[in-house]
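# Architecture and fold: a report
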Amino acid sequence: MNFFDFHVHSVFSGGESNIEELASMAKTLGFKGFCFTAYPLDRKEEEILKTEIEKVKKEFGIEIFLGFEARNLKELRNLARRRKEFDVLLVRGGEIELNREACETPEVDILTHPELGRQDSGLNHTLVKLAAKNFTAIEINFREIMFTTKRTRALVLKNIQQNVRIAKKYKVPLIICSGAINHFEMRDPYSLISIGCQLGLELKEAKEAVSKVPQEIIKRISEKRNKNWVMPGVKIIK
Amino acid sequence: MKQKKLKILSPTLREKERYIAFQIISEEPISYSDLENAIWNCGLEFFGEYGISKAWLWLVKNLYDEKKQIGVIRTNSKSVFQAVACLSLISRLGDIRVVPKILKVSGTIKGLKLK
């Protein structure tokens, strides 16, 4: 089975590790590939990042995808406009407007931690229906569970379990990611699956959240990279 | 006075066990006692006393290799994912950053093929 971690930060996005360290750790832990998540950069930095990713890809023999994480509505709209230039579009959830926009926008691939910093779960049946329609995956963030304690952790777990329950009902893809900001925060696929099982997923569903859903996203990436692709639902046939 | 040992339960009455082999990737070597404390603390924090009591969690002392940092956790067959979750939630041992990696799950120690 091929496993992927689609939310890993580095020095380019407030993280502590460089791409080589992340790639080597991902390979040791048994991942086939990971998504290198950055915050929107200017063109020059983006080019440097892309060349570095290509270099590391060849060196370690691991698939690395370039993803951008939008932190507000303006960034999301900008990134959606130039969707063809990078691999994965993630949205940093938490604010209700941003969660809604992420679920409504077909260009978005992953809505990360929708419950971040909230008392409620950040999603309801309306948003989840929109996410299902646009194939926006909802993330279960491992880091959020790992670095919270006591009352906060209980609240986070409650909210994630609520999201899992609704997502399962409306058949929204769920994805389990480490959300690591350094290579020591990455976890192996088996650990991510077991955390998924504790949060209300069946074993099969938890496995899909680490392998099948990322693979579906990769499939969609290659479709979007095609010259004939115009926008979601529209492509040139002749 | 030496305590008398109980007669061993018949196989049908015994709890079915699973052994989880894991490796600790860390910046510095980790001792058995530090690791044992960390596993118990993480387990108690995440599942609570009642939850962890159901898992029959145990770190096997004589199978921990401090050089290779490979160890074995024993648990019952129904709580494998709970045990793995406990282990995966360990991020630091003191100042040392660690990453636990699951190597294999088996019903017998022999099946883990550690050597």
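Residues numbered from 1 in each chain as written. Chains lettered and ligands numbered in written order. Predicted model: local features only at pLDDT ≥ 70, side-chain atom pairs only at ≥ 80, totals over all residues. Heavy atoms only, no water.

So, about the overall build of chain B. Regarding its fold elements, chain B presents three helices and five strands. Along chain B, from the amino end to the carboxyl end, the secondary structure elements read β-α-β-β-α-β-β-α. Considering only C-alpha atoms, chain B reaches an extent of 45 × 35 × 35 Å along its principal axes. Among the 115 residues that make up chain B, the fraction classed as buried is 43%. Contacts in chain B between residues far apart in sequence, at least 24 positions, make up 72% of those at least 6 positions apart. A total accessible area of about 7,500 Å² is found for chain B, and carbon and sulfur atoms account for 53% of it. The centroid of the 20 positive side-chain charges in chain B is displaced by 15 Å from the centroid of its 11 negative side-chain charges. (Helix = DSSP H or I, 4+ residues; strand = E, 2+ residues; numbered from the N terminus. Buried < 20%, exposed > 50% of the residue type's maximum accessible area, 1.4 Å probe, protein only. Contact = heavy atoms within 4.5 Å. Areas by Shrake-Rupley, 256 points an atom, 1.4 Å probe, with all protein chains shown as cover. Lys, Arg positive; Asp, Glu negative; His and termini not counted. Charge placed at Lys NZ, Arg CZ, Asp CG, Glu CD.)

Here we come to the pairing of strand E7 (residues 174-177) of chain A. Residues and elements named next belong to chain A. Residues Leu174 and Ile176 of E7 are buried on one face, and the alternating residues Ile175 and Cys177, pointing to the opposite face, are buried as well. Pairing analysis gives four bridges linking strand E6 (residues 137-141) to E7, with the strands arranged parallel. Residue pairing across strands places Ile140 opposite Ile176, the latter belonging to E7. (Pairing = 2+ DSSP bridges.)

Where helix H8 (residues 189-198) of chain A contacts helix H2 (residues 80-88) of chain B, the two axes come as close as 8 Å, and the packing angle between them is 120°. Considering how the two elements wind past one another, H8(A) and H2(B) form a crossing that is left-handed. Where H8(A) abuts H2(B), its residues A:Tyr190, A:Ser191, A:Ile193, A:Ser194, A:Ile195, A:Cys197 and A:Gln198 lie against B:Val80, B:Phe81, B:Gln82, B:Val84, B:Ala85 and B:Ser88. Residues belonging to the contact of H8(A) with H2(B) are distributed by class as follows: eight nonpolar, five polar and no charged. (Axes fitted to C-alpha atoms, helices over the stretch in contact; angles between N-to-C directions. Left-handed = near helix turned anticlockwise from the far one by under 90°. Nonpolar A, V, L, I, M, F, W, Y, C, P; charged D, E, K, R; others polar.)

Right, let's get into a nonpolar patch on the surface. Residues and elements named next belong to chain A. Nonpolar side chains collect at one region of the surface, where Val230, Met231, Val234 and Ile236 lie side by side and expose about 330 Å² of accessible area between them. Positionally, Val230 belongs in strand E8 (residues 229-231). The class of Val230 is partly exposed, set by a relative accessible area of 45%. (Patch = residues over 30% accessible without salt bridge, like charges linked within 9 Å, V, L, I, M, F, W, Y side chains within 5 Å. Salt bridge = Lys/Arg side-chain N within 4 Å of Asp/Glu carboxyl O.)

Here the focus is the pairing of strand E3 (residues 63-70) of chain A. Residues and elements named next belong to chain A. When you tally the buried positions in E3, you get seven out of eight residues, the bulk of the element. Two elements, strand E2 (residues 33-38) and E3, share six bridges in a ladder whose sense is parallel. The partner of Thr37 across the bridge, within E3, is Gly67. For the crossover that starts at E2, traverses helix H2 (residues 43-60) and ends in the parallel E3, the hand is right-handed. Of the crossover connections in this fold, the one passing from E3 over helix H3 (residues 73-81) to the parallel strand E4 (residues 88-92) is right-handed. (Right-handed = clockwise from strand over helix to strand, strands pointing away.)

Once that is clear, we can look at the confidence of the model for chain A. For chain A, per-residue confidence averages 91 on the pLDDT scale, and residues scoring 70 or more make up 100% of the total. Put simply, E8(A) is where chain A has its lowest mean pLDDT, 78, and E7(A) is where it has its highest, 96. (pLDDT = per-residue confidence, 0-100.)

This next bit is on the environment of A:Leu41. Residues and elements named next belong to chain A. When you line up the elements, Leu41 lands in the loop between E2 and H2. Sequence spacing of Leu41 and Leu89 is 48 residues, and the spatial spacing of their C-alpha atoms is 14 Å. If we ignore the near neighbours within four places in the chain, the residues touching Leu41 are Phe12, Glu46, Leu49, Phe68 and Arg82.

Turning to the interface of chain A and chain B, a few remarks are in order. Facing the 25 residues of chain A at the interface are 22 residues of chain B. Each partner contributes to the roughly 2,000 Å² buried at the junction of chain A and chain B, and carbon and sulfur atoms together form 68% of this total. Counting the surface chain A buries against chain B, the share from its top three residues, A:Phe184, A:Tyr190 and A:Gln198, is 32%. Seen at the junction of chain A and chain B, the total is two salt bridges. At the surface where chain A touches chain B, the tally comes to four residue pairs in polar contact (both at pLDDT 80 or more). For the side of chain A that touches chain B, the secondary structure elements donating two or more residues are helix H1 (19-29), helix H6 (142-146), helix H7 (150-169) and H8 of chain A. Looking at the side of chain A that touches chain B element by element, the count peaks at seven residues for H8(A). Its residues assigned to classes, the side of chain A that touches chain B comprises 14 nonpolar, seven polar and four charged. (Buried area = accessible area lost by both parts, 1.4 Å probe. Polar contact = N/O pair within 3.5 Å; in protein donor to acceptor, adjacent residues only side chain to side chain.)

Turning our eyes to something else, we now look at H7(A). End to end, H7(A) covers 29 Å across 20 residues, agreeing with the expected 28 Å (1.5 Å per residue, within 8%). Listed as buried for H7(A) are A:Arg153, A:Val156, A:Leu157, A:Asn159, A:Ile160, A:Asn163, A:Val164, A:Ile166 and A:Ala167. If you follow the buried residues of H7(A), they end up packed against helix H5 (125-134), E6, H6 and E7 of chain A together with helix H1 (32-55) of chain B. Downstream of H7(A) by a residue or two, A:Lys171 has a phi angle that is positive, lying close to 55°. (Expected span 1.5 Å × (residues − 1).)

All names here are of chain A. For Ser121, the position within the fold is in the loop between strand E5 (110-112) and H5. One polar contact links Ser121 to Asn163, side chain to side chain, over a distance of 3.1 Å. Beyond its immediate stretch of four places on either side in the chain, Ser121 contacts Pro114, Glu115, Asn159, Gln162 and Asn163.

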